Amino acid sequence: MKKLRLGVQLIFTIVTNGYVYGFLQGKIYQGNLKYVCVPGLNCYSCPGAVGSCPLGALQALLNQRGFQVPFGALGFLFLFGSFLGRFVCGWLCPFGLVQDLLHKIPLFRKRKRLPFHRVLKYGKYVVLVLLVFVGSSFLFGGFAKFPAFCKFLCPSGTLLGALPLLGSNEVLRSQAGGLFFWKLGVLLFLLLLSVKVYRPFCQYLCPLGAIYGWFNRFSLVQIHWEEERCTSCGACERACPVGLAVEEISRSPECIRCGRCVGACPGKCLHFSAIVRREQEQPGGRDNCTEINNS
């Protein structure tokens, strides 16, 4: 499962950032594919990006004059959220891959969570409201029209967009100021923290993860737990990189569906499945579900 996920992450990152000419010339691809969003964080300004970031698209639509509901971007997020939930975070996000690779570095004693996790995990919802919606004036009708998340925080944009562009464009390097160095500091802090703590940006700051997390409980793709076969050995909980109990796996907004629990379960009580029909709870106390098993 680990090798499969790493392969999918690498392939998806290469495909969605495969505009090699952009890296060589320091120019951004501006073809028709840029009108299409990819599901994970994928900065529009990355020289190799062939698609757009859904958060960037959402903020751009919110920045338009007058009050307009961004149906296109919201529909895109609803589509991927209802189908995959935070599977997008675990398998399809380039910056998630960066954090995964850094966490493999054999330095420091590894931690799954930061202290005060129960409070800090709500940070991504604060970022979503303040930097994505309020910063783009959706709530205050023209108060401050700019993509605040992209401008002040997004580490993916700094790593995959700003740094490659500055590295190949002398004019841009001469214009780098305090805002760039602020974002560079945020990026370096998160990258260093990723060596010790598993995916700190995903757990505590990512507004896209906050959106997809809302869909985890009812998205089509799930990690199904066969409770009647479970021996409560705790292998899945020990394997979970974000420290979830077996009852929380897949359903919790914090679960990125990385599949480590599936590979760790000795009794094969956990497996990916697609729920295609859910009825009301039956008198016997269990949900009547029809599933398509993917394992």
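Refer to the structure presented above.
Residues numbered from 1 in each chain as written. Predicted model: local features only at pLDDT ≥ 70, side-chain atom pairs only at ≥ 80, totals over all residues. Heavy atoms only, no water.

Student: Where do I start with the nonpolar core in this structure?
Tutor: The tendency in soluble globular proteins is for nonpolar side chains to be buried side by side. Counting 60 residues, the largest nonpolar core has Leu41, Leu55, Phe149, Ile249 and Leu270 as its most contacted members. It is helix H12 (residues 178–196) that contributes the most residues to this core, seven residues altogether. Those residues in contact with phenylalanine 149 that sit more than four places away from it in its chain are Leu41, Leu55, Gln59, Val127, Leu131, Val132, Cys154, Phe201 and Pro207. (Core = buried A, V, L, I, M, F, W, Y, C linked by side-chain atoms within 4.5 Å. Buried < 20%, exposed > 50% of the residue type's maximum accessible area, 1.4 Å probe, protein only. Helix = DSSP H or I, 4+ residues; strand = E, 2+ residues; numbered from the N terminus. Contact = heavy atoms within 4.5 Å.)

Student: Could you clarify how one ought to interpret helix H1 (residues 2–16) in this entry?
Tutor: If you check H1, its first and last C-alpha atoms are 21 Å apart, about what 15 residues at 1.5 Å a residue would give, namely 21 Å. Taken together, the buried positions of H1 are occupied by Arg5, Gln9, Thr13 and Thr16. Summarising the axial view, the buried residues of H1 lie within an arc of 80°, below the 170-degree limit, and thus occupy one face. Facing away from the buried surface of H1 by more than 90 degrees, the exposed residues are Lys3, Leu4, Ile11, Ile14 and Val15. Contact partners of the buried residues in H1: helix H5 (87–91), helix H6 (94–103) and helix H16 (260–264). (Expected span 1.5 Å × (residues − 1). Arc of directions from axis to C-beta.)

Student: Looking at this structure, I do not really get a nonpolar patch on the surface. What am I missing?
Tutor: Taken together, the side chains of Leu33, Tyr35 and Val36 define a hydrophobic patch exposed on the protein surface, amounting to about 360 Å² of accessible area. By secondary structure assignment, the location of tyrosine 35 is in the loop between helix H2 (20–25) and helix H3 (54–62). (Patch = residues over 30% accessible without salt bridge, like charges linked within 9 Å, V, L, I, M, F, W, Y side chains within 5 Å. Areas by Shrake-Rupley, 256 points an atom, 1.4 Å probe, with all protein chains shown as cover. Salt bridge = Lys/Arg side-chain N within 4 Å of Asp/Glu carboxyl O.)

Student: Would you mind showing me how to read the pattern of salt bridges here?
Tutor: It is possible for side chains bearing opposite charge to pair when their charged atoms get close. Throughout the structure, instances matching the rule amount to four salt bridges. Between aspartate 100 and arginine 5 there is a salt bridge, with the nearest N and O atoms lying 3.2 Å from each other. Of the two residues, aspartate 100 sits in helix H6 while arginine 5 sits in helix H1, which places them 95 residues apart along the sequence. Both residues of the pair, aspartate 100 and arginine 5, belong to the buried class.

Student: Mind showing me how you'd approach the packing of aromatic side chains here?
Tutor: Any aromatic ring pair is given by two values, namely how distant the centres are and how the planes are angled relative to each other. Scanning the entire structure with this criterion turns up twelve aromatic pairs. Residues phenylalanine 78 and phenylalanine 215 carry aromatic rings whose centres are separated by 5.6 Å and whose planes lie at 75° to one another, so their mutual orientation is edge-to-face. Placement of the pair is phenylalanine 78 in helix H4 (residues 71–84) and phenylalanine 215 in the loop between helix H14 (207–213) and strand S1 (221–225), with a sequence separation of 137 residues. Judged by centre distance (6.2 Å) and plane angle (40°), the rings of tyrosine 122 and tyrosine 125 are tilted. Its relative accessible area of 48% is what places tyrosine 122 among the partly exposed residues. We classify tyrosine 125 as buried; its relative accessible area is 17%. Taking NZ or CZ as reference, lysine 34 lies 3.9 Å from the ring centre of tyrosine 44, over its face. (Phe/Tyr/Trp six-rings, centres within 6.5 Å; stacked < 30°, edge-to-face > 60°. Lys NZ or Arg CZ within 6 Å of the ring centre and 35° of its normal.)

Student: I tried to follow a negative patch on the surface on my own but got confused; where do I start?
Tutor: Side chains of Glu227, Glu237, Glu247 and Glu248 sit close together on the surface and give a patch of like negative charge. Position of glutamate 248 relative to the elements: it lies in the loop between helix H15 (235–239) and H16. (Lys, Arg positive; Asp, Glu negative; His and termini not counted. Charge placed at Lys NZ, Arg CZ, Asp CG, Glu CD.)

Student: Would you take a moment to explain the side chain of histidine 117 for this structure?
Tutor: Counting through the fold element by element, histidine 117 comes out in helix H7 (residues 117–120). If sequence neighbours within four positions are ignored, histidine 117 has contacts with Gln203 and Tyr204.

Student: Explain the packing of H1 against H6 to me, please; I cannot follow it from the model alone.
Tutor: Packed helices, taken two at a time, are described by the angle between their axes plus the distance between the axes. Their axes nearest at 9 Å, the elements H1 and H6 cross at an angle of 135°. Between H1 and H6, the crossing angle belongs to the class labelled oblique. Seen from above, H1 lies across H6 with left-handed handedness. Together, Arg5, Leu6, Gln9, Leu10, Thr13 and Thr16 of H1 and Pro94, Gly96, Leu97, Asp100 and Leu101 of H6 make up the contact between the two elements. (Axes fitted to C-alpha atoms, helices over the stretch in contact; angles between N-to-C directions. Parallel < 35°, antiparallel > 145°, perpendicular 65-115°, else oblique. Left-handed = near helix turned anticlockwise from the far one by under 90°.)

Student: Would you mind showing me how to read unusual backbone geometry here?
Tutor: Most peptide bonds take the trans configuration, and most residues that are not glycine carry a negative phi. A positive phi angle is found at phenylalanine 108, which is not glycine, with a value near 65°. Of note, phenylalanine 108 is situated in the loop between H6 and H7.

Student: Whenever I open this one, the side chain of threonine 16 confuses me. Can you help?
Tutor: In this fold, threonine 16 is placed in helix H1. Judged by relative accessible area, threonine 16 falls into the buried class, the value being 5%. Apart from residues no more than four positions distant in its own chain, threonine 16 is found in contact with Val38, Asn42, Gly48, Ala49, Val50, Gly51 and Pro94.

Student: Would you mind going over H4 with me for this structure?
Tutor: Three or four residues apart is the spacing at which side chains of an α-helix point the same way, because the helix has 3.6 residues per turn. Spanning 14 residues, H4 covers 20 Å between terminal C-alpha atoms, matching the ideal 20 Å at 1.5 Å per step. Along H4, the residues that are buried comprise Ala73, Phe76, Leu77, Gly81 and Leu84. Buried residues in H4, looked at end-on, bunch into an arc of 120°, giving them a common side. Residues of H4 that are exposed and angled more than 90 degrees away from the buried face: Phe71, Gly72, Phe78 and Leu79. Looking at the buried positions of H4, the neighbouring elements they touch are H3, H5, H14 and S1. Positive phi appears at glycine 85, one or two residues downstream of H4, with a value of about 60°.

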